[in-house]
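# Summary of structural features
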Amino acid sequence: MDVVCSGVVLLMILAIAPVAIAAKESAVNLLEAEALLKRGWWRGSTAATNISAYCQWPGIICNDAGSVTEILLPGYGIQDDLTNFSFSSFPNLVRLDLSENKLHGAIPHQIGALSKLTHLNLSFNRFEGAENQIHGSIPSEIGNLKNLKYLFFESNQLTGQIPPTLGSLTTLIYLDLSSNQISGSIPLQLSVIPSLKFLDLSSNQLRGPIPFTLNLDTWSRLKHLYLQNNSLSDIFPWKILDLPLLQTVDLSRNRISGKIPTQSEWYLSTLDLSHNILSGTVPSSLSRLGDVDLSYNALEGELPCELVNKFGPGSFDGNPDLHYTSALCGASPPVMKNHRHHPPYYIIGHGVSLLVFSLIGGLVLYIFCKTKVKKVEVELMDNKHGDIFRIWNYDGHMAYEDIIKATNDFDVSYCIGTGGYGSVYRARLPSGKVVALKKLHRLEGENPNFDKSFRNEADMLSKIRHRNIVTLFGFCLHKRCMFLIYEYMDRGSLFFILRDETEAVELDWIKRVNLIKGIASALSYLHYDCDPPIIHRDVSSNNILLNSQLEATLSDFGTARILELDSSNQTVIAGTFGYMAPELAYTMVVTEKSDVYGFGVVVLETLFGEHPQEFLSCISSQPNEPIMLKDLLDSRLPPPTNPLVVRNVALATALALDCVNANPKCRPTMQQVVNRFEAGRREPTRPLHTIAVNQPVSPPVLSLPDQTRADGTSSLSTINEFHVDISATLPSSNFSIHVST
């Protein structure tokens, strides 16, 4: 009898348990819905009128049980007191992004109850005075967020000290508290977070020494350390620079003291210790580093020539007792800028020189104003010897001799890459500006085709200016030495970043979408804003360069050509295998649609993390096989969940599939691509896991609006309509992307 009763009780418990769990989940969901509704942040959104469908509200992501897991509202225009937000109502919250809004008030202590939180971003909430900003101290309860990986509080008005409890965040990868008013010392606990890769405490009011206790857990994965613009003091712990993965250290504008070790094995890409009180000599071992700035310290002695030649004298200015031998180093002046007293004859000579330069400067300024010249252009020509040297938009002091000295006559140690017909060098000019030099190989310079390509690139880039097209500062065209002077893009090419596991992760979905939009804008500018239009002819990931902010620029215009509207535009095949439009193999007629095809391949490569050759072959051989979009995206990144990002990724994929259409007449123009990205901001989307890519459909042909060129002629394109169920209408395609049921 007891056994029977026990069995009955067990069955009752098993029957009641799911009901209890469901009731608990329902209570949590109701609490979340009430908290969201109470805040009123979505009053202007038509999607937020139905409280029962809050999981469909902009920026809200829910799990299968209907509980909120993500609130992603960056730049949503929210104006509210942060203390009014009921953090405790969201026990399952994983990501919270309220950055770039108009939030104010203190960060409430209840935020520490979000035990599942992995991403927290409250950065850039400054507006209309200090009283309308996130202020107060960082609550110590942040240390309870044991799953936190990304913490961004930069650019607010936070005060007080950094809570030592942040050292308990053992999974933290990114910590950015920069540009606040945080005071006190840096807690020792921060230096033992084993997973930390990025630490930015710059532009605060921090004092005291830099904490560093060397053990196996001390910043073992740290790559970037930014502590500049504080009041840190004491002797610098040089052992920090021995960290195995460290790449960037910026401690400028502090009160750091100490002597640089004479023997070191550092291999950082950037070391900035300028505006401190370092003393002693400068060792030659620093030449292993990528970039160094030791200006405005108290360094002394003889400066090794290899450091002067590699980093330029400007990196060592403001050290009165530091000098070098100009005859040996091939640079001048022999003493760092140090404001020493000089004899009378020097002052007189200097005064006369200033007077002469003033008169010349006044004359030049007068001529400049009279002729209404809009840009600085220094031009030296000698037709007898074939010399041409030109400079635009620069400081007017760059000369051929500066380039030679900056690269030690193009020494191999300054070479950062080699291409088909030239090498690229990194050079720091006397002004401190870092530039890239593309130099034609001497043997290739004797080849008429290479010579023509090199001169073509100089000619093309001298005529165009766009934020997403690499800037040409000047060039030298001489039969014995030909080089182009470019803006230096320190992150290299998109091709190599996508093939580096660490850098590929840093290139997140938002950065990838922005990169795609930037290149689209550049190509649209070349095709429609230049008169006559310019065709790049070699759009590939190798020719897209990224700066320190991972912003993209289009480069390598050696094969570019002007589109002659009244000619056949037949040409020899040019471009990179895998990015060339298929029609070039049999027509050899170059049009703007050739660039469109290359752009489409680059977009797919950017989103997939690898060249899409296998994908393109698959959809050609198995046209009816549905492929989920989430399975195609770069697996090194977590799948995008922010609705705005998902929408942009889906739209970029759809447009890319349009661009790789085998029929050039069915490809959109770059102007249409840019317009679609703009129109896409107003369109709703669906969760990523519901979006599939199908091939191909046979829809009716849709005529798109006329695109007018700079000369007034019309270029009417027709492309097939496709359907993406993230919006009512999208550009046409021979592909379809739809929501699976």
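The residue numbers shown here count from 1 along each chain, following its written sequence. Reporting in this predicted model follows two pLDDT cut-offs: at least 70 for local features of residues, and 80 or more for side-chain atom pairs to be given and counted; totals over whole chains, interfaces and linings ignore these cut-offs and use all residues. For side-chain calculations, the full set of non-hydrogen atoms in the structure is used, while hydrogens and water are omitted.

Attention now goes to the overall build of the chain. When helices and strands are counted, the chain shows 15 helices and 40 strands. To sort residues, take the accessible area from a 1.4 Å probe on protein chains only and compare it with the maximum for the residue type: under 20% means buried, over 50% means exposed, and anything in between is partly exposed. Out of the 741 residues belonging to the chain, those deemed buried represent 49%. A fraction of 56% describes how many contacts in the chain between residues 6 or more apart in sequence connect residues 24 or more apart. Helix numbering and strand numbering both begin at the N terminus, where a helix is a DSSP run of H or I of at least 4 residues and a strand a DSSP run of E of at least 2. Should any heavy atoms of two residues lie within 4.5 Å, those residues are considered in contact.

Before going further, it helps to spend a moment on the packing of helix H11 (residues 592–608) against helix H14 (residues 643–659). At a closest axis distance of 8 Å, the pairing of H11 and H14 adopts a crossing angle of 145°. H14 is crossed by H11, and the crossing has left-handed handedness. Contacts from Val596, Tyr597, Phe599, Gly600, Val603, Leu604 and Leu607 of H11 reach H14 at Val649, Ala652, Thr653, Ala656, Leu657 and Cys659. Of the residues that constitute the contact of H11 with H14, the class distribution is 11 nonpolar, two polar and no charged. To define axes, lines are fitted to C-alpha atoms, for helices over the stretch in contact only, and angles between the resulting N-to-C directions are given on a 0 to 180 degree scale. Note on convention: the crossing is left-handed when the near helix lies turned anticlockwise from the far helix by less than a right angle, right-handed when the turn is clockwise. Note on residue classes: Ala, Val, Leu, Ile, Met, Phe, Trp, Tyr, Cys and Pro are nonpolar, Asp, Glu, Lys and Arg are charged, and everything else, Gly too, is polar.

Further remarks concern the confidence of the model for the chain. pLDDT measures the predictor's confidence residue by residue and takes values from 0 up to 100. Confidence in the prediction of the chain, expressed as mean pLDDT, is 75, and 69% of residues score 70 or more. The low-confidence segment residues 563–573, where pLDDT is below 50, has 31 contacts with residues more than four positions distant or belonging to other chains.

Moving on, we come to the pairing of strand E26 (residues 434–440). The buried count for E26 comes to seven of seven residues, which makes it a mostly enclosed element. Side chains Val434, Ala436, Lys438 and Leu440 project from E26 onto one buried face, and the interleaved Val435, Leu437 and Lys439 project onto a second face that is buried too.

Side chains carrying opposite charge are able to pair once their charged atoms draw close together. One speaks of a salt bridge when a side-chain nitrogen belonging to Lys or Arg is within 4 Å of a carboxyl oxygen belonging to Asp or Glu. Scanning the entire structure with this criterion turns up 13 salt bridges. Here arginine 491 and glutamate 503 are joined by a salt bridge, their closest N and O atoms 3.9 Å apart. Residue arginine 491 is found in the loop between strand E28 (482–487) and strand E29 (492–493), and its partner glutamate 503 is found in helix H9 (residues 501–506); the two are separated by 12 residues along the sequence. For arginine 491, a relative accessible area of 18% translates into the label buried. Overlapping salt bridges bring together Glu501, Arg512, Asp634 and Arg636 as one network.

For the rest of this paragraph, the subject is the environment of alanine 650. Relative to the helices and strands, alanine 650 is located in helix H14. Sequence separation of alanine 650 and leucine 629 is 21 residues, and the distance between their C-alpha atoms is 7.9 Å.

To continue, consider the sheet that holds strand E31 (residues 544–546). When DSSP locates at least two bridges between a pair of strands, those strands are taken to pair. Here we have three strands laid out as an open sheet, ordered E29-E31-E32, and antiparallel in their pairing. Strands with a single pairing partner mark the edges of an open sheet, and in this sheet they are E29 and strand E32 (552–554). Across three bridges, the pairing between E31 and E32 is antiparallel. Looking across to E32, one finds that leucine 545 is bridged to threonine 553. Seen against the sheet, helix H10 (residues 509–529) touches E31 and E32 and runs at an angle of roughly 25° to E32.

Before going further, it helps to spend a moment on the nonpolar core. Looking at soluble globular proteins, one finds that nonpolar side chains tend to be buried together. Membership of the largest hydrophobic core comes to 84 residues, with the highest contact counts inside it found for Ile71, Leu98, Leu120, Ile142, Phe153, Leu241 and Leu294. Of all the elements in the fold, those that place two or more residues in this core are helix H1 (2–39), strand E2 (68–72) and helix H2 (305–311). Two domains each provide a minimum of three residues to this core, namely domain 1 (43–182) and domain 2 (209–326). If near-sequence neighbours (up to four positions away) are discounted, leucine 241 is found in contact with Phe236, Leu246, Val249, Trp266, Leu268 and Leu271. Side-chain atoms within 4.5 Å link the members of a nonpolar core, which is a set of buried Ala, Val, Leu, Ile, Met, Phe, Trp, Tyr and Cys residues. Domain segmentation is taken from an automatic or database assignment of domains.

Moving on: helix H15 (residues 670–679). Within H15 the residues assigned to the buried category are Met670, Gln672, Val673, Arg676 and Phe677. End-on, the buried residues of H15 take up no more than an arc of 155°, which puts them together on one face. Arc, as used here, means the arc of the directions from the helix axis to the C-beta atoms.

Quick look at the packing of aromatic side chains now. Only centres within 6.5 Å qualify two rings of Phe, Tyr or Trp (six-membered ring in Trp) as a pair; their planes then separate them into stacked at under 30 degrees, edge-to-face at over 60, and tilted for everything else. Across all of its chains, the model carries 14 aromatic pairs by this definition. Taken together, Tyr150, Phe152, Tyr174, Phe198 and Tyr226 form an aromatic cluster joined through their ring pairs. For a ring to carry a charge above it, either NZ of a lysine or CZ of an arginine must fall within 6 Å of the ring centroid while also lying within 35 degrees of the normal to the ring plane. The lysine or arginine in question, arginine 426, covers the ring of tyrosine 488, its NZ or CZ lying 5.3 Å from the ring centre. Just above the ring of phenylalanine 410 sits the side chain of lysine 439; from NZ or CZ to the centre is 5.3 Å.

The sheet built from four strands is open, its strands ordered E3-E5-E7-E9 with parallel pairing. Two strands lie at the open edges of the sheet, namely strand E3 (79–81) and strand E9 (157–158), each paired on one side alone.

Now for the state of the cysteines. By disulfide we mean two sulfur atoms from cysteines, separated by a distance within 2.5 Å. The tally for this structure, following the rule as stated, stands at one disulfide. Residue pairing for cysteine 55: its cysteine sulfur links by disulfide to cysteine 62, the two sulfurs lying 2.0 Å apart. When the S-S torsion is -95°, as for the bridge of cysteine 55 with cysteine 62, the disulfide is left-handed. You can call cysteine 55 partly exposed: its relative accessible area is 24%.

Our focus in this paragraph is the side chain of asparagine 121. Within the secondary structure, asparagine 121 is located in strand E6 (residues 119–121). Classification of asparagine 121 as buried rests on a relative accessible area of 15%. Aside from chain neighbours lying at most four places away, what touches asparagine 121 is Leu96, Asp97, Leu98, Ser99 and Phe152.

Even without a glycine there, the phi angle at serine 203 is positive, about 55°. Mapped onto the elements, serine 203 comes out in the loop between strand E12 (198–200) and strand E13 (205–208). Look at serine 203 and you get partly exposed, because its relative accessible area is 26%. One non-glycine residue, asparagine 408, lies in the positive phi region at around 55°.

Further remarks concern the pairing of strand E20 (residues 298–302). Regular strands place side chains that alternate from one sheet face to the opposite one. In this structure, strand E18 (residues 279–280) lies alongside E20, joined through two bridges in parallel fashion. Its bridge partner being in E20, glycine 280 is matched across the sheet by leucine 299. Two elements, E20 and strand E21 (residues 321–323), share three bridges in a ladder whose sense is parallel. Bridging from a neighbouring strand, glycine 301 pairs with leucine 322 of E21. Note on handedness: a crossover is taken as right-handed if, strands pointing away from the viewer, the path from the first strand over the helix to the second is clockwise. Since E20 and E21 lie parallel, the crossover through H2 that links them has a hand, and here it is right-handed.

Following the sequence through the fold, aspartate 634 ends up in the loop between helix H13 (629–632) and H14. For aspartate 634, a relative accessible area of 4% translates into the label buried. Setting aside anything within four residues of it in sequence, one finds aspartate 634 in contact with Trp509, Arg512, Leu607, Phe608 and Gly609.

What follows concerns the packing of H10 against H14. Running from N to C, H10 and H14 cross one another at 45°; their axes reach a closest spacing of 10 Å. Overall, the two elements H10 and H14 adopt an arrangement that is oblique. Taken as a pair, H10 and H14 cross one another with a handedness that is left-handed. Between H10 and H14, the residues in contact are Trp509, Ile510, Val513, Ile516 and Lys517 and Val645, Asn648, Val649 and Ala652, respectively. Its residues assigned to classes, the contact of H10 with H14 comprises seven nonpolar, one polar and one charged. Note on angle classes: values under 35 degrees are labelled roughly parallel, values over 145 roughly antiparallel, values of 65 to 115 roughly perpendicular, and the remainder oblique.

Within the secondary structure, proline 164 sits in the loop between E9 and strand E10 (174–176). For the pair formed by proline 164 and leucine 188, sequence separation is 24 residues and the distance between their alpha carbons is 7.6 Å. Contacts of proline 164, omitting those with residues within four sequence positions, involve Pro187 and Gln189.

Working note: α-helix, 3.6 residues per turn, so residues spaced by three or four point in the same direction. Here, expected helix span is obtained from the residue count minus one, scaled by 1.5 Å. In this model, H11 (17 residues) spans 25 Å end to end at C-alpha, consistent with the 24 Å of a helix rising 1.5 Å per residue. In terms of residue burial, H11 counts as a mostly covered element, since 17 of its 17 residues are buried. Polar contacts here mean pairs of N or O atoms no more than 3.5 Å apart (in protein, one a potential hydrogen donor and the other a potential acceptor; neighbouring residues in sequence count only if both atoms are side-chain atoms). By the N-cap criterion, in which a side-chain oxygen at the helix start approaches the backbone nitrogen of a residue two or three places on, H11 is capped by threonine 591, the distance to lysine 593 being 3.1 Å. Phi for glycine 609, located one or two positions after H11, is positive at around 85°.

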